[in-house]
Amino acid sequence: MTLVEIPGSKSITARALYLAAAAEGVTTLRRPLVSDDSEGFAEGLLTLGYLLDRRPGVWQVQGRPAGPAVPAASVYCRDGATTARFLPALAAAGHGSFHFDASEQMRRRPLGPLTNALRELGVELTHEGAEGHHPLRVEARGIEGGKITLDAGLSSQFLTALLLTGPLTRRGLEITVTDLVSVPYVGITLAMMNAFGNPAHRDGDTFVVPPIPYQARDYLIEPDASTASYVLAAAALTGNSVTVPGLGSDSLQGDLRFADVLRQMGADVQLTPDQVTVTGTGRLRGVTVNMRDISDTVPTLAAIAPFADGPVRIEDVYNIRVKECDRLEACAQNLRAMGVSVLTGPDWLEIHPGPVRSTTIACHGDHRIAMSFSVTGLRVRGGITLDDPGCVRKTFPEFHRTLAELRASWGI
Ligand SMILES: O=C(O)C1=C[C@@H](OP(=O)(O)O)[C@@H](O)[C@H](O)C1
Ligand SMILES: C=C(OP(=O)(O)O)C(=O)O
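Residues numbered from 1 in each chain as written. Chains lettered and ligands numbered in written order. Predicted model: local features only at pLDDT ≥ 70, side-chain atom pairs only at ≥ 80, totals over all residues.

Participant: Can you lay out unusual backbone geometry for me, pointing to particular residues and giving the numbers?
Facilitator: Across the junction of histidine 134 and proline 135, the peptide omega takes the value 0°, indicating a cis bond. By the secondary structure assignment, proline 135 is in the loop between β7 (124-127) and β8 (136-141). A positive phi angle is found at histidine 364, which is not glycine, with a value near 55°. On the secondary structure map, histidine 364 appears in the loop between β21 (360-361) and α12 (367-376). Here histidine 364 falls in the buried class, since 20 other C-beta atoms lie within 10 Å of it. (Helix = DSSP H or I, 4+ residues; strand = E, 2+ residues; numbered from the N terminus. Buried ≥ 20, exposed ≤ 12 C-beta atoms within 10 Å, placed from the backbone.)

Participant: An account of the domain arrangement of the chain is needed here, citing residue identities and associated values.
Facilitator: Considered domain by domain, the chain is made up of domain 1 (2-214) and domain 2 (225-410). Relative to domain 2, the C-alpha centre of domain 1 lies at a distance of 29 Å. Contacts between the two partners involve 25 residues from domain 1, matched on the other side by 28 residues from domain 2. In terms of residue count, the dominant contributor to the side of domain 1 that touches domain 2 is helix α7 (residues 183-195) (six residues). (Domains from an automatic or database assignment. Contact = placed C-beta atoms within 7 Å.)

Participant: I'd love a proper account of the site of ligand 2, names of residues and values included.
Facilitator: Inspection of the region around ligand 2 gives Gly80, Ala81, Thr82, Asp296, Lys323, Arg368 and Thr395 as its neighbouring residues. Here the shell around ligand 2 is composed, by residue class, of one nonpolar, three polar and three charged. Both of domain 1 (2-214) and domain 2 (225-410) provide at least three residues apiece to the shell around ligand 2. (Near = placed C-beta within 6 Å. Nonpolar A, V, L, I, M, F, W, Y, C, P; charged D, E, K, R; others polar.)

Participant: Any chance you could break down the sheet that holds strand β20 (residues 349-351) for me, citing the residues and the numbers?
Facilitator: Read across the open sheet, the four strands follow the order β17-β18-β20-β19; overall the sheet is mixed. With partners counted over all chains shown, the strands left at the sheet margins are β17 (288-290) and β19 (342-344), one partner each. Strand-to-strand, the axes of this sheet are offset by a mean angle of 15°, without reference to chain direction. As paired strands, strand β18 (residues 312-315) and β20 are joined by three bridges and run antiparallel to one another. Residue pairing for β20: isoleucine 314 is matched across the bridge by leucine 349. Lying on the sheet, helix α11 (residues 327-337) is in contact with β19 and β20; it crosses β19 at an angle near 160°. (Pairing = 2+ DSSP bridges. Axes fitted to C-alpha atoms, helices over the stretch in contact; angles between N-to-C directions.)

Participant: Pulling in residues and values, what's your account of the sheet that holds strand β4 (residues 58-62)?
Facilitator: The mixed open sheet is built from four strands, whose spatial order is β3-β4-β2-β13. Looking along the sheet, the strands with just one partner apiece sit at the ends: β3 (51-55) and β13 (218-220). If you compare each strand with its neighbour and ignore which way they point, the axes differ by 15° on average. Direction of pairing for strand β2 (residues 26-30) relative to β13: parallel, over a ladder of three bridges. If you follow threonine 28 over to β13, its bridge partner there is aspartate 218.

Participant: Which residues make up the UniProt feature "active site" (unreviewed entry) in the chain, and what values go with them?
Facilitator: The UniProt feature table records "active site" (unreviewed entry) at Asp296. Looking at the element boundaries, aspartate 296 is found in the loop between β17 and α10 (298-304). With 25 C-beta atoms counted inside 10 Å, the residue aspartate 296 sits in the buried group. With residues up to four places along the chain from it excluded, the contact list for aspartate 296 reads Ser226, Asp255 and Arg368. (UniProt positions renumbered as here; feature names shortened; annotations may be inferred.)

Participant: Explain the UniProt feature "binding site: 3-phosphoshikimate" (unreviewed entry) in the chain residue by residue, including any values.
Facilitator: Per the UniProt annotation, the sites labelled "binding site: 3-phosphoshikimate" (unreviewed entry) are Lys10, Ser11, Arg15, Ser155, Ser156, Gln157, Asp296, Asn319 and Lys323. Mapped onto the fold, lysine 10 is located in helix α1 (residues 10-22). Ignoring any residue separated from it by four or fewer positions in sequence, one finds lysine 10 in contact with Leu33, Ser35, Asp37, Ser38, Asp224 and Thr395.

Participant: Help me get a handle on α12, residues and values and all.
Facilitator: With ten of ten residues buried, α12 is to be regarded as a mostly interior element. Among the residues of α12, those classed as buried are His367, Arg368, Ile369, Ala370, Met371, Ser372, Phe373, Ser374, Val375 and Thr376. Against the buried residues of α12 lie α8 (225-238), α10, α11, β21, β22 (385-386) and α13 (399-410).

Participant: Mind laying out the environment of threonine 126, listing which residues take part and the relevant values?
Facilitator: With respect to the helices and strands, the residue threonine 126 is situated in strand β7. With 12 C-beta atoms counted inside 10 Å, the residue threonine 126 sits in the exposed group. Once residues lying within four places of it in the same chain are set aside, the contact partners of threonine 126 are Leu136 and Arg137.

Participant: Tell me what's going on with the packing of helix α3 (residues 81-92) against helix α6 (residues 157-165), and back it up with residues and numbers.
Facilitator: When two helices pack together, their arrangement is given by the angle between the helix axes and the distance between those axes. As a packed pair, α3 and α6 sit with axes 9 Å apart at the nearest point and diverge in direction by 35°. Crossing of α3 over α6 shows right-handed handedness. Within the contact between the two elements, α3 uses Ala81, Thr82, Arg85, Phe86, Ala89 and Leu90 and α6 uses Gln157, Phe158, Thr160, Ala161, Leu162, Leu164 and Thr165. In the contact of α3 with α6, the residues fall into eight nonpolar, four polar and one charged. (Left-handed = near helix turned anticlockwise from the far one by under 90°.)

Participant: An account of the packing of α8 against α12 is needed here, citing residue identities and associated values.
Facilitator: Remark: α8 packs on α12, axes separated minimally by 9 Å, with the N-to-C direction vectors making an angle of 15°. Classified by the interaxial angle, the pair formed by α8 and α12 is roughly parallel. By crossing handedness, the relation of α8 to α12 is classed as right-handed. Of the residues in α12, those in contact with Tyr230, Ala233, Ala234 and Leu237 of α8 are Met371, Ser372 and Val375. A class-by-class count of the residues in the contact of α8 with α12 yields six nonpolar, one polar and no charged. (Parallel < 35°, antiparallel > 145°, perpendicular 65-115°, else oblique.)

Structure below.
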């Protein structure tokens, strides 16, 4: 059995930073993720005038329930959709003139349902380029609050941004969703809002957020379940064993359900409240899985699928086409380049077992494509080459070292 320390959850770090910034008092965050996404989020807060002290393993944030501490700022959100979607909503609840922009990759990703909802709430917001995309300008004068409807069928982050902002409005928010993907991420949002003192809750298709202020606290960030998927998949694929401490049945993260997919495929999975162990059994069965709730792990499953004993069909994942890249096409393209037979539809892909040959993976600047196909490389003669190995910095800067250490401990 090999113990692997996985860095903190990107989603929980982003929410914790938002909640800490909006709370009354000083919050201490323990084991935050240190990566391009979370540093981009923290630097966005610094640009908005919040006070942050970042030491190894412990970040402290001085909360400001009134909103940004500066009258004007220009925030660069890098590639991070949590930064690019949560911070404009935070700024809108304050007072001042705020400009937001992001990388080319992030500029292409949708924002419209969120910015339309903010406008519906009375926020003066203009898109400077394409409508519904970064860059944008927010003239913030606080938010009164009230009832809105939202289409979160392309991204749950639109809903999370509004939920997090609800307690900063004067009357609170009632948000009715007409569609919603990535539901477990909304569960993380509500659980963390509750942990910071706001009793936000879901009532059918409506989310209710009373205008009750957040309170600062001490908060421990769990390891990232999507990041863990690579080492868990590596164990299942190579017949080895991996334990991830700090991530077990007590986790807030839906992506830990990826371990259930590995179990369904034949791996041995042991889950305790605070750790998960996956052991490969030498057998990987073909499966059909609906991954709407856990779509960040689609590339991980696609990457081990050719070694299953039957087709692997992944369904209901339309929104992976609007992630860092069109992940459905990127998975299919790279698998085909390795000689694997793949069928795709608007929201599904089906991968057929067969021999896999060495190739250069087109990462499309997407950390998950790079990390997933690095796992495939463990079973390919000659390995695989990545055209952009550095893109893993978005969520897991130490990925290549961690994988090399695993290989060394397993002798492969
Ligand atoms: O709220 C979050 O932290 C996230 C929600 C999910 O996005 P979508 O809701 O866009 O699917 C997920 O893919 C992303 O990595 C992180
Ligand atoms: C989709 C992802 O990131 P985000 O949407 O937060 O940029 C991801 O990390 O897989």
